[in-house]
Amino acid sequence: TQLLEQSPQFLSIQEGENLTVYCNSSSVFSSLQWYRQEPGEGPVLLVTVVTGGEVKKLKRLTFQFGDARKDSSLHITAAQPGDTGLYLCAGGGQGAQKLVFGQGTRLTINP
Amino acid sequence: NAGVTQTPKFRILKIGQSMTLQCTQDMNHNYMYWYRQDPGMGLKLIYYSVGAGITDKGEVPNGYNVSRSTTEDFPLRLELAAPSQTSVYFCASSIWGTDYGYTFGSGTRLTVV
């Protein structure tokens, strides 16, 4: 069974600080996705990474896929209250029919 | 495009009642999924479908049933509701497999009393 472990599970920081969220597995994935979920809404896809070592940037968010395609990280620079939400990583396999989701990281950015 | 539409948004059921959660997508996606999310927790897969007429169980299928008669619709049926089924239910779809990402609906908040 493939598992994805996210850390930390909860993170509360002040506006303007930097943070990193980790997503780790012992399994290899063909792709790794990050979603953000705001209260009362469904998760929204932020990014998909498919190549080992790949780095993608989305404004102040930087996503990296590990060289061995077993882990990923999300780094937020100068966090803002609008970044508050539940961040979920999800792994896809070659030919897989369903994603494997991590348990999520609940991020709170305090003004 | 409307994307993935779920109805109703909120529902209160009494123990033992039944109901159907509706999910429809207008993106011609082949794959569709039902998840439940308990407070403060991640997503648990209930059922999924890779095309019309094909469904399969996820991690937590007990107490639920699904059907997929068309590409667009993937209703989730709760029979004999129990308090343990109090949760937020999300439907999602994907064009083809996992590498293209999921589009989620906005959820149905169900309370069983």
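What follows concerns the nonpolar core. Counting residues in each nonpolar core, the largest one holds 22 residues, and the members touching the most others are L4, L19, L32, W34, F63, L74 and I76 of chain A. Elements represented by at least two residues in this core include exactly β3 (19-24), β4 (31-37), β5 (44-49), β7 (61-65), β8 (71-76), β9 (85-92) and β11 (105-110) of chain A. Contacts of L32 of chain A, omitting those with residues within four sequence positions, involve L4, C23, V47, T48, V49, F65, S72, C89, A90 and G91 of chain A. Grouped together as the second largest cluster of nonpolar side chains are 19 residues, Y47, F74, A81 and L110 of chain B included.

Residue and element names in this part refer to chain A. Every second residue of β7 is oriented toward a common face, the buried set being L61, F63 and F65 and the non-buried set T62 and Q64. Bridge count for strand β6 (residues 55-58) against β7 is 4 bridges, and the pairing is antiparallel. Directly across from K56, in β7, lies its bridge partner F63. Sheet topology note: the β7/β8 ladder contains 5 bridges and is antiparallel. Among the inter-strand pairings, F63 is bridged to a residue of β8, identified as L74. Adjacent in sequence and paired antiparallel, β7 and β8 are bridged by 5 residues, among which R69 carries a positive phi angle near 60°.

Let us now look at the interface of chain B and chain A. Listed as interface residues are 21 residues of chain B and, on the opposing side, 22 residues of chain A. Taken as a group, T98, D99 and Y102 of chain B account for 32% of the area that chain B buries against chain A, more than any other trio of residues on that side. Inspection of the region where chain B meets chain A yields 0 salt bridges. The interface formed by chain B and chain A includes 6 residue pairs in polar contact (both at pLDDT 80 or more). Among the residues forming the side of chain B that touches chain A, the class breakdown is 12 nonpolar, 8 polar and 1 charged.

A separate point is the pattern of salt bridges. Residue and element names in this part refer to chain B. Enumeration over the complete set of coordinates arrives at 4 salt bridges over all chains. R36 serves as the salt-bridge partner of D38, at 2.9 Å between the closest nitrogen and oxygen. For R36, a relative accessible area of 11% translates into the label buried.

In this section: the state of the cysteines. All told, the structure shown has 2 disulfides over all chains when counted by the stated rule. Disulfide pairing is shown between C23 of chain A and C89 of chain A; the S-S distance is 2.0 Å. When the S-S torsion is 75°, as for the bridge of C23 of chain A with C89 of chain A, the disulfide is right-handed. Linking C23 of chain A in strand β3 with C89 of chain A in strand β9, this pair joins segments that are 66 residues apart in sequence. The partner cysteine of C23 of chain B in its disulfide is C91 of chain B, sulfur to sulfur 1.9 Å. Across the disulfide from C23 of chain B to C91 of chain B, rotation about the S-S bond amounts to roughly -70°, and the bridge is consequently left-handed. Highlighted residues: C23 of chain B in strand β3 (residues 19-25) and C91 of chain B in strand β9 (residues 87-94), separated in sequence by 68 residues.

So, about the environment of G107 of chain B. Residues and elements named next belong to chain B. Residue position: G107 is located in the loop between β10 (103-104) and β11 (108-112). Distance in space between the C-alpha atoms of G107 and W34 is 10 Å, their sequence separation being 73 residues. When residues no more than four places from it in sequence are discounted, the contact partners of G107 are Q6, P8, K9, Y89 and F90.

Residues and elements named next belong to chain A. The antiparallel open sheet is built from 5 strands, whose spatial order is β1-β3-β8-β7-β6. Every other strand in the sheet has two partners, leaving β1 (5-7) and β6 as the edge strands with one partner each. Across this sheet, the average inter-strand angle for adjacent strands is 15°, counted without regard to direction. The sheet contact formed by β3 and β8 spans 6 bridges and is antiparallel. Following the sheet pairing, Y22 is matched in β8 by S73.

Definitions and limits used
Residues numbered from 1 in each chain as written. Chains lettered and ligands numbered in written order. Predicted model: local features only at pLDDT ≥ 70, side-chain atom pairs only at ≥ 80, totals over all residues. Heavy atoms only, no water. Core = buried A, V, L, I, M, F, W, Y, C linked by side-chain atoms within 4.5 Å. Buried < 20%, exposed > 50% of the residue type's maximum accessible area, 1.4 Å probe, protein only. Helix = DSSP H or I, 4+ residues; strand = E, 2+ residues; numbered from the N terminus. Contact = heavy atoms within 4.5 Å. Pairing = 2+ DSSP bridges. Buried area = accessible area lost by both parts, 1.4 Å probe. Salt bridge = Lys/Arg side-chain N within 4 Å of Asp/Glu carboxyl O. Polar contact = N/O pair within 3.5 Å; in protein donor to acceptor, adjacent residues only side chain to side chain. Nonpolar A, V, L, I, M, F, W, Y, C, P; charged D, E, K, R; others polar. Disulfide = S-S within 2.5 Å. Axes fitted to C-alpha atoms, helices over the stretch in contact; angles between N-to-C directions.

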